[in-house]
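Examination of the molecular architecture
Chain by chain, the residues:
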Amino acid sequence: MKTNYLRVDPSCPDHVLIAEAAEVIKQGGLVAFPTETVYGLGADGLNSEAVNKIFQAKGRPLANPLILHVASLVQARALAASWPSAADALAKRFLPGPLTLILPRSEVVPDLVTAGLPNVAIRYPANKIALALIKASGVPIAAPSANLSGRPSPTLPEHVLDDLGGKIELILDGGPAEVGVESTILSLAGDNPVLLRPGGVTKEELEEALKEEVIVPGTVLHPEKSPGVEAVPCPGLYFKHYAPQAQVIMVTGDPREQVTKVKEYLARHSGRRVGILATSENYPSYRDLGVSAVYLADLGSGCHPEEIANHLFSAFRECDVAGAEVILVETVAPEGVGLAVMNRLCRAADQHEI
Ligand code: TXA
Ligand code: MG
């Protein structure tokens, strides 16, 4: 299949281009589009045949459900069997934005979208191209991240092309994604709000808006404690994920200890092709090291984890391109957006750390 590629102005999407993309969705095809978090791979969320193509193109297990993307709260409510007041409070504060809500599903939602679960994931994104596409399509758009299953989520249109070129009808290029990690997923389907996936909206912000404690399952930072796909409410979190081809090793400790550990690792494994993903605080120590790292990146300040979130997936992909066998990544405090960074790192690293 030939994959068309259209460049769209993210601040003022051209309605002719959007209409072309919406036509692909209406015809049951696949369109990759930017959101403020990462690029999504979209299909008509009410058309099971179209949704099935998403699983095929990504090589995604059918047991892993999809998020439905909407362009208004009215459209969101139609997908849920009930809409608690907590959803209103969160919508008022964060939507449109990088927050996905899990709610009991209404009967319009196809089984394939929820992988047979009783709940549905609903997201009202902030990106103008995404919103225009959903509106012009006239349906909720089912969209996982637009990467091959198991690979890091795409934060640039080139990442989508690398993974899905030749497998989908169209890519809308709206430039780099702003947040860089996927949306926060919060379940409101049970008695207490549960943070299933940390992201751009932080636990602290959610609690402030809800005036209630948000439960963070232990598996957010300890994926190895996964109770197994069948027993958990957010299946995707227990598939291996976000991982580059190279082995990821987390470098823990305070900034000074991290530099020492990296230097020791390099000394001990001198023949190995190593990528180093450093905080801005430590980056100069490596740059001036004259070591044989095949790739070295400044991910951003450890004090501003949103900078690190923004660069992490892209840096993973660049390490692979550089042929790294091992990627040493410095960890940050699991607070604010740092929790999302650490969640992705723990899962990519499979708990390997030094
Ligand atoms: O930022 C994002 O959320 C991006 C953009 C494209 O919107 N989308 C995204 O989708 O990250 P995906 O499919 O890569 O991750 C969605 C996660 C998966 O772990 C999936 O298991 C979970 O959401 N999920 C989807 N529907 C669910 C449901 N009904 N109940 C529990 N978890 C669900
Ligand atoms: Mg994904």
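Above: the structure in question.
Residues numbered from 1 in each chain as written. Chains lettered and ligands numbered in written order. Predicted model: local features only at pLDDT ≥ 70, side-chain atom pairs only at ≥ 80, totals over all residues. Heavy atoms only, no water.

Structural notes on the packing of helix α11 (residues 305-321) against helix α12 (residues 338-349)
One way to put it is that α11 packs onto α12 with a least axis distance of 8 Å and a crossing angle of 25°. Judged on the interaxial angle alone, α12 and α11 are roughly parallel. Between α11 and α12 the crossing geometry is left-handed. Taking contact as the criterion, the partners of Pro305, Ile308, Ala309, Leu312, Phe313 and Phe316 in α11 are, on α12, Gly338, Val341, Arg344, Leu345 and Ala348. In terms of residue class, the contact of α11 with α12 is made up of nine nonpolar, one polar and one charged. (Axes fitted to C-alpha atoms, helices over the stretch in contact; angles between N-to-C directions. Helix = DSSP H or I, 4+ residues; strand = E, 2+ residues; numbered from the N terminus. Parallel < 35°, antiparallel > 145°, perpendicular 65-115°, else oblique. Left-handed = near helix turned anticlockwise from the far one by under 90°. Contact = heavy atoms within 4.5 Å. Nonpolar A, V, L, I, M, F, W, Y, C, P; charged D, E, K, R; others polar.)

Quick notes on the environment of Val332
With respect to the helices and strands, the residue Val332 is situated in the loop between β14 (326-330) and α12. Since its relative accessible area comes to 11%, Val332 is described here as buried. Separated by 305 residues in sequence, Val332 and Gln27 have C-alpha atoms that sit 45 Å apart. (Buried < 20%, exposed > 50% of the residue type's maximum accessible area, 1.4 Å probe, protein only.)

Some thoughts on the pattern of salt bridges
Counted under the stated rule, the structure contains ten salt bridges. For Asp173, the salt bridge goes to Arg7, with nearest N and O atoms at 3.1 Å. Residue Asp173 is located in strand β8 (residues 170-173), and its partner Arg7 is located in strand β1 (residues 4-7); the two are separated by 166 residues in the primary sequence. According to the relative accessible area criterion, Arg7 is exposed, its value standing at 64%. One salt bridge connects Arg151 with Asp163, and the closest N-O pair in it is separated by 3.5 Å. (Salt bridge = Lys/Arg side-chain N within 4 Å of Asp/Glu carboxyl O.)

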